[in-house]
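# Understanding the architecture of this molecule
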Amino acid sequence: MKHMQLRILSALLLIAPAAVAQDDLGAIFGKDSVRRDPVIATFKSTRIINAQSNETLARGDLDFRVAHRFGDMGGADGGSATFFGIDNSTDIRIAFEYGITDRLTAGVSRAKGSGHFSQLYEVLGKFKLLQQTMDNRVPLAITLFGNAVVTSMKSSPDKEAVSYFNKFSSRMSYTAQAVVARKFGDRFSLALLPSYVHRNRVGYMDMNNLFALGVGGRLRFSKRVALVVDYFVPFRDQASKDYYKTLGIEYYNPLGIGVEIETGGHVFHLNFTNSTATLENQFIPETTTSWLQGQFRWGFNISRRFSLGH
Amino acid sequence: MKGTTLIIPAISNYDQMKQLFSLAITFLLLGRLAAQDVYSCRNATLGFFSSAPLEDIEAKTSQGASAINIKTKAVYFKVPINTFQFKKKLMQEHFNENYLESDKYPHAEFKGKILEAVDLTQNGTYPVTVEGALNIHGVTRNYREKGTITVQNGKINATAKFTVRVADHKIKIPTLVVKNIAEVVEVSVNADYQPVK
């Protein structure tokens, strides 16, 4: 019996040093620590289609963006006469956006404008407040976006017109927005966009202050191709809707559907939207074109990024 | 050492107990010696360089973990893929998302052995050959590469340079950027080891 115990003990003692000397050296570094790294590439670009994504530019990156929206594909202005809208362009936006830090992006753009005002200049800022982490300790990403837009169009001589500017501030409009996003797995990302648009000058019974909720998503088919969708519900008063209905103007919720193709430094979108405009200040409050009446259009977004930071 | 406390009270004979204690001490010492054969490094520097017609790409990390057992000559490396730093952050994103898929394959890992009979307890510079399995992007390949180990007063430094064919690890490069990314990348490794206590 005693010998038995002795044998067990020696066996145990033999195992102990063997465990240290074994060849699996990886064991000495312990288990992989839980990864607190931020989730990357929730979206591939700073825009979903019209909507902002939570992404900002890396420090020193310059993003050259061109967005183009054609005319109505169907309805009265579409069809073969305009080659399904290709002959017309409702909005064109050219932008330079720059990553001041990895979290802060600033940009300027010029847009043709589609809505009450045209000839628009935009100054924008975007700040990454919160990043989703791989260990889910931070389950959401939050990015703040704001812009100020001024129109350089000539004032209308008609004092009743929306585009009559008795003072400079009448030319201004603003957007403030939060992008709350989450990447689910490696294929699907979703964003909610509580938004606020303020336009200094609006028509009778229109709203200077308009809140809206946007939702956007991206579903990756392959490493380079994804489906993108964005949709906004503006909270316009019933009284305002009713009044404009009597004038034959109906407001619709802007919906965009697109295919996103990414190749190296380029991100290319081919999309369809019912909204004619590219800027939040217009497509959220001033979309009066409807998918159901053929008033949707081809559009594309092109993003080309340059690394200037070194 | 749970075994000792469990069994010793059951032993009545004094001689046997003495025998057991000396046995225990002997093995404990052996254990300590075995541990001292292992040297580790938690800030190994790893880098790679890719030279293609349109672009040279370079990335570096100093968060590699490595260990050497100077008795068994076992060599170990592990590096978190997403710690590689690129000059162009967009490139870093593509590297993680599209090429190395660091979500799915967060580490590169190497388990190998030094083939030569070198005595790494002695000061000196030793050219060595290391053979083993390297796992990148979830694909394991066998490599046999040259390196240099320098021993100085109980500290070990190891360096190596070798090439990895990206296709060997099922890392796909789309034809569109084939002029930007080389098919073969040069990997360099540098690690300073301390004895594991």
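Owing to the predicted nature of the structure, the values given are computational and were not obtained by experimental measurement.

## Topic: unusual backbone geometry
Residue and element names in this part refer to chain B.
- Residues other than glycine seldom take positive phi values, yet Glu101 does so here, at roughly 50°.
- Counting through the fold element by element, Glu101 comes out in the loop between helix H3 (89–99) and strand S5 (107–114).
- The exposure class assigned to Glu101 is buried, which follows from its relative accessible area of 12%.
- For His137, which is not a glycine, the phi torsion comes out positive at approximately 55°.

## A few points about the UniProt feature "domain: DUF5777" (unreviewed entry) in chain A
- Within this numbering scheme, the UniProt entry marks residues 43–306 of chain A as carrying the feature "domain: DUF5777" (unreviewed entry).
- The straight-line gap between the two end C-alpha atoms of residues 43–306 of chain A is 18 Å; of that span, 5% is helix and 47% is strand.

## Here we look at the pairing of strand S1 (residues 61–70) of chain A
Residue and element names in this part refer to chain A.
- Among the ten residues that make up S1, eight are buried, leaving the element largely enclosed by the rest of the structure.
- Pairing geometry for S1 and strand S12 (residues 297–307), over nine bridges, is antiparallel. Note on S12: the bridge partner recorded for Phe64 is Arg304.
- The sheet contact formed by S1 and strand S2 (residues 89–99) spans nine bridges and is antiparallel. Within the sheet, the bridge partner assigned to Phe70 lies in S2 and is Ser89.

## Describing a nonpolar patch on the surface
Residues and elements named next belong to chain A.
- Residues Phe184, Phe188, Leu190, Leu192, Phe211, Leu213, Val215, Leu219, Phe221 and Phe235 make up a contiguous nonpolar surface patch of about 870 Å² in total accessible area.
- When residues of the nonpolar patch are traced back to their parent elements, those giving at least two are strand S7 (188–199) and strand S8 (209–220).
- In terms of residue count, S8 provides more of the nonpolar patch than any other element does, four residues in total.
- In this structure, Leu213 sits in strand S8.

## As for H3(B)
Residue and element names in this part refer to chain B.
- Buried residues dominate H3, accounting for ten of its eleven residues.
- Of the residues making up H3, those classed as buried are Leu90, Met91, Gln92, Glu93, His94, Phe95, Asn96, Glu97, Asn98 and Tyr99.
- Glu101, located one to two residues past H3, shows a positive phi value of around 50°.

## Some points on the pattern of salt bridges
- According to the stated counting rule, one finds 20 salt bridges over all chains in the structure shown.
- A salt bridge links A:Arg297 to A:Asp72; the nearest nitrogen and oxygen atoms lie 2.7 Å apart. You can see A:Arg297 sitting in strand S12 and its partner A:Asp72 sitting in the loop between S1 and S2, a full 225 residues away along the chain.
- Take A:Arg297: its relative accessible area is 0%, and that puts it in the buried class.
- The exposure class assigned to A:Asp72 is buried, which follows from its relative accessible area of 9%.
- Within the structure, one salt-bridge network assembled from shared partners comprises A:Lys44, A:Arg220, A:Glu262, B:Glu93 and B:Glu97.

## Considerations on the nonpolar core
- Grouped together as the largest cluster of nonpolar side chains are 46 residues, with contacts concentrated most on B:Leu120, B:Ile149, B:Ile156 and B:Tyr193.
- Membership of the second largest hydrophobic core comes to 17 residues, among which are A:Ile48, A:Val179, A:Val197 and A:Ile284.

## Comments concerning the confidence of the model for chain B
- Mean pLDDT over chain B: 86, with 85% of residues reaching 70 or higher.
- pLDDT under 50 marks residues 1–9 of chain B. Its contacts with residues more than four places away, or in other chains, come to 13 contacts.

## Here we look at the packing of aromatic side chains
Residue and element names in this part refer to chain A.
- Following the criterion strictly, the structure yields 21 aromatic pairs over all chains and no others.
- Ring geometry for Phe232 against Phe283: centres 5.4 Å apart, planes inclined by 70°, an arrangement best described as edge-to-face. With Phe232 in strand S9 (residues 225–234) and Phe283 in helix H3 (residues 280–283), this residue pair connects regions lying 51 residues apart in the sequence.
- Classification of Phe283 by relative accessible area gives buried; the value is 1%.
- Each member of the aromatic cluster is reached from another via a ring pair, and the members are Tyr204, Tyr243, Tyr244 and Tyr251.
- The lysine or arginine in question, Arg182, covers the ring of Phe184, its NZ or CZ lying 5.0 Å from the ring centre.
- When the ring centre of Tyr251 is taken as reference, the NZ or CZ atom of Arg236 above it lies at 3.6 Å.

## Things to note about the environment of B:Thr72
All names here are of chain B.
- Summarising the element assignment, Thr72 is placed in the loop between strand S2 (56–69) and strand S3 (74–80).
- For Thr72, a relative accessible area of 27% translates into the label partly exposed.
- Taking C-alpha positions, Thr72 is 8.4 Å from Asp37, a pair spaced 35 residues apart along the chain.

## Brief notes about the pairing of strand S5 (residues 141–151) of chain A
All names here are of chain A.
- Both strand S4 (residues 120–130) and S5 contribute to a ladder of ten bridges, which runs antiparallel. If you follow Phe127 over to S5, its bridge partner there is Leu144.
- Inspection of the sheet shows S5 paired to strand S6 (residues 172–184) by ten bridges, in the antiparallel sense. From the neighbouring strand, Val149 faces S6, where its bridge partner is Ser173.

Criteria and thresholds
- Residues numbered from 1 in each chain as written.
- Chains lettered and ligands numbered in written order.
- Predicted model: local features only at pLDDT ≥ 70, side-chain atom pairs only at ≥ 80, totals over all residues.
- Heavy atoms only, no water.
- Helix = DSSP H or I, 4+ residues; strand = E, 2+ residues; numbered from the N terminus.
- Buried < 20%, exposed > 50% of the residue type's maximum accessible area, 1.4 Å probe, protein only.
- UniProt positions renumbered as here; feature names shortened; annotations may be inferred.
- Pairing = 2+ DSSP bridges.
- Patch = residues over 30% accessible without salt bridge, like charges linked within 9 Å, V, L, I, M, F, W, Y side chains within 5 Å.
- Areas by Shrake-Rupley, 256 points an atom, 1.4 Å probe, with all protein chains shown as cover.
- Salt bridge = Lys/Arg side-chain N within 4 Å of Asp/Glu carboxyl O.
- Core = buried A, V, L, I, M, F, W, Y, C linked by side-chain atoms within 4.5 Å.
- pLDDT = per-residue confidence, 0-100.
- Contact = heavy atoms within 4.5 Å.
- Phe/Tyr/Trp six-rings, centres within 6.5 Å; stacked < 30°, edge-to-face > 60°.
- Lys NZ or Arg CZ within 6 Å of the ring centre and 35° of its normal.

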